[in-house]
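Spelled out, the chains give:
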Amino acid sequence: MKLFFNRTALLLVSAFLPNAAFADEITDKLLLRARQAVNNGDAEEALERYQTLVKLYPTGDPASEAWWQIARICEHLEEPKSAFDALQKLITGFPGHFE
């Protein structure tokens, strides 16, 4: 319930405040919490954080990092189709990411 509330609150606030500094703060917090979840061994929590990030902010470096991490986590969770789909989104959405 807490995660649902946090995600809903982020969506509502970001919809009404399209401020670049605010968006940077939100992406930084999502990335930090996702990385913490990975470090704590909570792959599902990390996956949710990264998925929230790409839904809220589908372009830019944070999104490309999130797609990469989503692919890695899905591979870890033995979900090869989801991992492949995430890599496809990374490749098509961020063609210069690996240059």
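Residues numbered from 1 in each chain as written. Predicted model: local features only at pLDDT ≥ 70, side-chain atom pairs only at ≥ 80, totals over all residues. Heavy atoms only, no water.

1. Description of the packing of helix α3 (residues 43-56) against helix α4 (residues 61-76)
Note the threshold: Angles shown run from 0 to 180 degrees and are taken between the N-to-C directions of axes, each axis being a line fitted to C-alpha atoms and, for helices, limited to the stretch in contact. Here a helix means four or more residues in a row that DSSP labels H or I, a strand means two or more in a row labelled E, and each is numbered from the N terminus. Just so you know how the angles are binned, under 35 degrees is roughly parallel, over 145 roughly antiparallel, 65 to 115 roughly perpendicular, and the rest oblique. Handedness of a crossing is defined here by the sense of rotation of the near helix relative to the far one, left-handed for an anticlockwise turn of less than a right angle and right-handed for a clockwise turn. Throughout, a contact is declared for two residues whenever any of their heavy atoms are within 4.5 Å. Lys, Arg, Asp and Glu make up the charged group, whereas Ala, Val, Leu, Ile, Met, Phe, Trp, Tyr, Cys and Pro make up the nonpolar group; the residues left over, Gly among them, are polar.
In the contact formed by α3 and α4, the axes pass within 9 Å of each other and the chain directions differ by 150°. Taken together, the axis directions place α3 and α4 in an arrangement best described as roughly antiparallel. You can see that α3 and α4 cross each other, and the crossing is left-handed. Only Pro62, Ala63, Glu65, Ala66, Trp67, Gln69, Ile70, Ile73, Cys74 and His76 of α4 make contact with α3, whose side of the interface consists of Ala43, Ala46, Leu47, Tyr50, Gln51, Leu53 and Val54. Looking at the contact of α3 with α4, its residues break down into 13 nonpolar, 3 polar and 1 charged.

2. Comments concerning the packing of α4 against helix α5 (residues 80-93)
Taken N-terminus to C-terminus, the directions of α4 and α5 make an angle of 165°; their axes are 8 Å apart at the nearest point. It follows from the interaxial angle that α4 and α5 lie roughly antiparallel. Along this stretch, α4 crosses α5, giving a crossing that reads as left-handed. Across the interface between the two elements, Ser64, Trp67, Trp68, Ile70, Ala71, Cys74 and Glu75 of α4 pack against Ser82, Ala83, Ala86, Leu87, Lys89 and Leu90 of α5. Classifying every residue of the contact of α4 with α5 by side-chain character gives 9 nonpolar, 2 polar and 2 charged.

3. Concerning the environment of Ile26
Under the convention used in this document: When a residue's accessible area, from a 1.4 Å probe over protein chains only, is under 20% of the maximum for its type it is buried; when over 50% it is exposed; and in between it is partly exposed.
Mapped onto the secondary structure, Ile26 falls in helix α2 (residues 20-39). Judged by its relative accessible area of 7%, Ile26 falls in the buried class. Distance from Ile26 to Tyr57, taken between C-alpha atoms, is 9.6 Å for residues 31 residues apart in sequence.

4. Comments concerning the environment of Ala23
If you trace the backbone, Ala23 turns up in helix α2. Since its relative accessible area comes to 17%, Ala23 is described here as buried. Separated by 34 residues in the primary sequence, Ala23 and Tyr57 place their C-alpha atoms 8.1 Å from one another.

By themselves, these observations are geometric and do not establish any function.
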